[in-house]
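# Inside the fold
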Amino acid sequence: MADHTKTNIITLTRHVLTEQYQHKDATGDLTLLLTAIQLGCKFVESCVRKAALVYLTGLANQTNIQGEDVKKLDVLANEMFVNALRNSGKVSIMVSEEIDNAIFVEEGLQGKYCVTFDPLDGSSNIDAGVNVGTIFGIYKLDNFPSAELKDVLCPGTEMVAAGYCMYGSSCNMVLTTGSGVNGYTLDTSLGEFILTHPNIRIPSRAKIYSVNEGNALYWDDACKHYFDSVKFPKDPARKPYSARYIGSMVADIHRTLLYGGIFAYPADKKSKDGKLRILYECFPMAMIIEQAGGRATTGKVRMLEVVPSDIHARSPIFLGSSEDVLEVEEYYRKYDSLI
Ligand code: P6P
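- With an unreviewed UniProt entry as reference, the protein chain is termed Fructose-1,6-bisphosphatase, source organism Dimargaris cristalligena.
- Recorded under Catalytic activity (unreviewed entry), the UniProt text for the protein chain is reproduced unchanged: "beta-D-fructose 1,6-bisphosphate + H2O = beta-D-fructose 6-phosphate + phosphate".
- Listed under Subunit (unreviewed entry) in UniProt, the entry text for the protein chain is "Homotetramer."

And the structure:
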């Protein structure tokens, strides 16, 4: 039998359609929405790729709601995703890390989905050539065409899909539509995301911890004792964990998903709710990790069961290999502390 692998290419669109057809009520709308997201990611990939060459990495002399200096690439990425999602005709509400308020799409272009996204997470690392990424979560409106803020201020368990696109040595999209996690690599010659990592499963445990230890002075007791337990194991048979922290969430999560271990951005005395935003950082990554067989917690409760108080609300988060995250939960039960 001839090898047709090279001509039997499974693109992201074909793969999602195959999954969609397994749902009797599928209309193809999610597939078309994901096509718009793919366009945004391809655009951002091309900009990040040449950022240094066209001086796109300089500050845009603006600040976003987070009070962070906004780099030009952030502005470009945000505009691209807003336009692509609006013109897909499949979205009624958008929440962007770069925009203070939710965007309600005008009549005539409304669709039955809500999309939360961080168009370019980790952008402060761009000048150093560190991997950055786009993170997104997708909700389905229960009462379309009615669309209200409460449709996105709900638990992460309501998401129907979540994903990220990492811009690095290659461009990798990781996506779940609720039936497992798949990875796709952008073939720039075809302009298509190709299925390269089918059915990703996270190891149940791995000796890697990923946290910004520069905040250790401010951690609560549970956090301090947990990380001490993996750095200075009491059991002589257990080796210390390795430290891996990039400071770009998409890159740290991608490594955690593939290699296992634990990623954390805990609450601390400086930031009582932690730093990462629930709707477009914590929830999408928590859904991906759970769909790959891992766990995601605030320390006290399942991450996906949190109800955000506002669209830019933050939360502490620990996620990764199930056995490692279960140990964190034990420490929080034992020390019952959250700043
Ligand atoms: P820190 C990037 O700014 C980001 O939002 C995430 O991508 C990353 O995980 C985190 O902040 C890093 O924060 O305080 O460790 O620099």
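## Overview of the site of the ligand
- Taken together, D121, G122, N212, Y245, G247, S248, M249, Y265, K275, L276, R277 and E281 form the complete shell of residues around the ligand.
- Side-chain polar atom of N212 to an oxygen atom of the ligand: 2.9 Å apart, as the coordinates give it.
- Within the side chain of Y265, one N or O atom sits 2.6 Å away from an oxygen atom of the ligand.
- Burial of the ligand by the protein chains amounts to 83% of its free accessible area of 400 Å².

## Quick look at the domain arrangement of the protein chain
- The assigned domain composition of the protein chain is domain 1 (12-197) and domain 2 (208-337).
- One C-alpha centre belongs to domain 1, the other to domain 2; they are set 24 Å apart.
- Across the contact, 47 residues belong to domain 1 and 32 residues belong to domain 2.
- With both sides pooled, the region where domain 1 packs onto domain 2 buries about 2,800 Å², and carbon together with sulfur makes up 69% of that total.
- Three residues, I135, L153 and Y164, lead the burial of domain 1 against domain 2; their summed loss comes to 21% of the area buried on that side.
- Inspection of the region where domain 1 meets domain 2 yields one salt bridge.
- Across the salt bridge formed by R277 and E97, the nearest N and O atoms sit 3.1 Å from each other.
- Summed over the shared surface of domain 1 and domain 2, the number is 11 residue pairs in polar contact (both at pLDDT 80 or more).

Reading the values: rules and limits
- Residues numbered from 1 in each chain as written.
- Predicted model: local features only at pLDDT ≥ 70, side-chain atom pairs only at ≥ 80, totals over all residues.
- Heavy atoms only, no water.
- UniProt positions renumbered as here; feature names shortened; annotations may be inferred.
- Near = heavy atom within 4 Å.
- Polar contact = N/O pair within 3.5 Å; in protein donor to acceptor, adjacent residues only side chain to side chain.
- Areas by Shrake-Rupley, 256 points an atom, 1.4 Å probe, with all protein chains shown as cover.
- Domains from an automatic or database assignment.
- Contact = heavy atoms within 4.5 Å.
- Buried area = accessible area lost by both parts, 1.4 Å probe.
- Salt bridge = Lys/Arg side-chain N within 4 Å of Asp/Glu carboxyl O.

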